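Here is what each chain is made of, one letter per residue.
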Amino acid sequence: MTRAERICQFEQTPTLRGVDLLSLEVRKAGGHATGSAARPRNCTQLPRGAKSARTVPDVITRERRESAMLVKIGPGMKSDDVVDLLLACHERIRSFTALARAAGDRSDVSASEVADACSRVERYFTEALPLHVRDEEDSLFPRLHGLSPEVDEALLAMKEQHAAHEEVLGVLLRVLSEVRRNPSGVELRAELALAAERLDRAFAEHLVLEETVIFPAVRQFVAPAAQAAMKDELRARRGPKTFT
Ligand SMILES: [Fe+2]
Ligand SMILES: [Fe+2]
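Residues numbered from 1 in each chain as written. Chains lettered and ligands numbered in written order. Predicted model: local features only at pLDDT ≥ 70, side-chain atom pairs only at ≥ 80, totals over all residues.

Draft legend 1. Expanded view of the overall build of the chain. Along its length, the chain carries nine helices and zero strands. When the helices and strands of the chain are placed in sequence order, the string is α-α-α-α-α-α-α-α-α. Sequence-distant contacts in the chain: of pairs separated by 6 or more residues, those separated by 24 or more amount to 83%. (Helix = DSSP H or I, 4+ residues; strand = E, 2+ residues; numbered from the N terminus. Contact = placed C-beta atoms within 7 Å.)

Shown next, in the form of structure tokens:
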């Protein structure tokens, strides 16, 4: 199996029994729905009042977070333009973060299931997430930068947050590796749950910033041909089977 096929395989199917484990965990956390029914239907308008995207807590208000969640749990959509693909990546980020947390704090799963979940999460965050970051920094950023002051500010915040995520992700990956090798370790699993919770917090504002300011700007400012070129770049990073 090629690297692209591996990425495709686990991006499309986060877990086996873990799907059940995962959906329970997401619901318990009051978080985001998963699967095709959770995909955003419409994300075409720039939000009002997004004047200072770099001060994320000021920009991402509770109203906007709730609005984004409502969008995300709307009926599934049939199109798969470049923004849809990016949003689908976000669903997977949330899903694998929730899976990491479940691997840390669920008491009704076997050691082998915990080890398997750790392995899947490790692969996702070491192989797939970096591709999503490249999508945003190499395909999206250059096409959007310079078109709108408020979007420029959000783009800079996005890149700063990507850099900041590396430390949090590094901690999670270290703990995942330890739990995978010792899935019955109670203290290690508690450490994993905490690391996943920390990553979840780090991603929360970041994903909403992208979904409410940056991704809508793609549809608003980027010409259809350029959007199609972005989509081709996303596919090329992963191989022909991904996103199909
Ligand atoms: Fe990002
Ligand atoms: Fe993103």
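Draft legend 2. Summary view of helix H8 (residues 186–221). With 36 residues, H8 extends 50 Å between its outermost C-alpha atoms, agreeing within 8% with the 52 Å of an ideal straight helix rising 1.5 Å per residue. At glutamate 211, H8 shows its maximal kink, close to 40°. (Expected span 1.5 Å × (residues − 1). Bend = angle between axes of the 7 residues up to and from the residue.)

Draft legend 3. Seen up close, the nonpolar core. With 44 residues, the main nonpolar core has Ala100, Ala103, Val121 and Ile214 as its most contacted residues. Taken together, the elements giving at least two residues each to this core come down to helix H5 (82–105), helix H6 (111–144), helix H7 (149–181), H8 and helix H9 (224–238). With residues up to four places along the chain from it excluded, the contact list for isoleucine 214 reads Leu144, Val151, Ala154, Leu155, Met158 and Leu209. (Core = buried A, V, L, I, M, F, W, Y, C linked by C-beta atoms within 7 Å. Buried ≥ 20, exposed ≤ 12 C-beta atoms within 10 Å, placed from the backbone.)

Draft legend 4. Focus on H5. With 24 residues, H5 ought to run about 34 Å at 1.5 Å a step, and its terminal C-alpha atoms sit 35 Å apart, in line with that. Of all 24 residues that make up H5, 19 are buried, and the element is covered over most of its length.

Draft legend 5. The arrangement of the packing of H6 against H7 in detail. With their axes 10 Å apart at the nearest point, H6 and H7 run at an angle of 165° to one another. In this view, H6 runs roughly antiparallel relative to H7, as classed from their interaxial angle. The two elements H6 and H7 meet at a crossing, and its hand is left-handed. Across the contact of H6 with H7, the residue classes break down as 16 nonpolar, four polar and five charged. (Axes fitted to C-alpha atoms, helices over the stretch in contact; angles between N-to-C directions. Parallel < 35°, antiparallel > 145°, perpendicular 65-115°, else oblique. Left-handed = near helix turned anticlockwise from the far one by under 90°. Nonpolar A, V, L, I, M, F, W, Y, C, P; charged D, E, K, R; others polar.)

Draft legend 6. The environment of glutamate 167, seen in detail. In this structure, glutamate 167 sits in helix H7. A tally of 11 C-beta atoms within 10 Å means that glutamate 167 is categorised as exposed. Separated by 32 residues in the primary sequence, glutamate 167 and leucine 199 place their C-alpha atoms 9.6 Å from one another.

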